[in-house]
Amino acid sequence: MADDLASPEILKLNRQYGAFGRIAFREGPGGFTIAVLANQRGSCEICLHGGQVLSYRPIGHAAVIWRSAHAVYEPGKAIRGGIPVCWPWFGPHPERKDLPAHGFARTMDWKIAGTEYSNEKSELRLVLRDTPETLAVWPHRFELELHVILGDNLRVRLTAKNTGDDDFTFTEALHGYYMVRQIADVCVMGLEGAKFTDSLVPGSAPQTEENPIVFRAETDRIYSDDGEVVISDPGIGRELVLSKSGSGSTVVWNPWIAKSQRMSDFGDDEYLRMLCVEQANIGDAAVTLAPGKSHTLSLSINVDLK
Ligand code: BG6
């Protein structure tokens, strides 16, 4: 898996953390370092920029994770697609419009904390800690760990630890972009009965979801829900089962036509092939951590053929 002509930095990472056929590092678009996990059941790529899962493909299945053909790979910019880490705030900053949406974790360079493998699993741990730049916009000391476990399924665990002396509160999401054959044929199940707020109508009263969700227009909703969600995709002939823990919110987003056209890193027709279902903690589910305490948000992605 490793590139024969890799840079000295990539070769060093492979010597220190690689395992033949299981864990390798390579240079990706924009010069970003990509970790590649593999085992008998599938493969997955994670970018150190953003601590972002970029792809997951169980052997014998179509790709699970979507990424834009127009994604931008530049320092300080978010990659459109994969599973961005939104932290320590979800959406626009609550007070400061000048700060980037969805926090700073998705545009920072994460460090490798370790790798492990066995017959069943290949694992990667990345870590992000406060820097003078993060303290300038969010004055709290923290450690974030992203633990990616490729086994029979893909598991992503995001652990936030308060390494400072005062409590802090954050909102967050594992902002997964999933590949679908044709959005109009897709349905999202598991949120029936859940309360949601419609982000397209700011300040609107919460509503109750009556039915499985289908997509006929721009959709951007924050559900209060801590359960499993299934993306049913008859076009591909599969169900993506998204299980989670440590999460009280689920976001469902598809930009549809006009918003796709407004986003420079998103193709005009790409909304047809993707859907975001995000395991999150937003609003009443925001997390407060006392010094020394930690919180884990975790996601498991399973693929069922139908
Ligand atoms: C979703 C939000 O989580 O992320 C949407 O609910 C937003 O409102 C989308 O448009 C993409 O955000 P960004 O910052 O990556 O363009």
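Residues numbered from 1 in each chain as written. Predicted model: local features only at pLDDT ≥ 70, side-chain atom pairs only at ≥ 80, totals over all residues. Heavy atoms only, no water.

Draft legend 1. Highlighting the pairing of strand β1 (residues 23-27). For β1 and strand β2 (residues 33-39), the ladder comprises five bridges, and the chain directions are antiparallel. Within β2, the residue paired with Ala24 across the bridge is Val36. The antiparallel pairing of β1 with β2 creates a hairpin that spans five residues between the two strands, and Gly30 there sits at a positive phi of about 70°. (Pairing = 2+ DSSP bridges. Helix = DSSP H or I, 4+ residues; strand = E, 2+ residues; numbered from the N terminus.)

Draft legend 2. Examining the site of the ligand more closely. Inspection of the region around the ligand gives Arg80, Phe90, Ala101, His102, Arg106, His175, Asp220, Val251, Trp253, Lys259 and Glu278 as its neighbouring residues. The side chain of Arg80 places a nitrogen or oxygen atom 3.0 Å from an oxygen atom of the ligand. Residue Glu278 places a side-chain N or O atom 2.9 Å away from an oxygen atom belonging to the ligand. Protein chains shield 81% of the accessible area of the ligand, which is 390 Å² for the free molecule. Taken together, the residues of the shell around the ligand sort by class into four nonpolar, two polar and five charged. (Near = heavy atom within 4 Å. Polar contact = N/O pair within 3.5 Å; in protein donor to acceptor, adjacent residues only side chain to side chain. Areas by Shrake-Rupley, 256 points an atom, 1.4 Å probe, with all protein chains shown as cover. Nonpolar A, V, L, I, M, F, W, Y, C, P; charged D, E, K, R; others polar.)

Draft legend 3. Geometry of the environment of Glu116. By the secondary structure assignment, Glu116 is in strand β6 (residues 111-117). Along the sequence, Glu116 and Gly235 sit 119 residues apart, while their C-alpha atoms lie 36 Å from each other. Those residues in contact with Glu116, other than ones at most four positions away along the chain, are Ile23, Lys121, Ser122, Glu123 and Arg125. (Contact = heavy atoms within 4.5 Å.)

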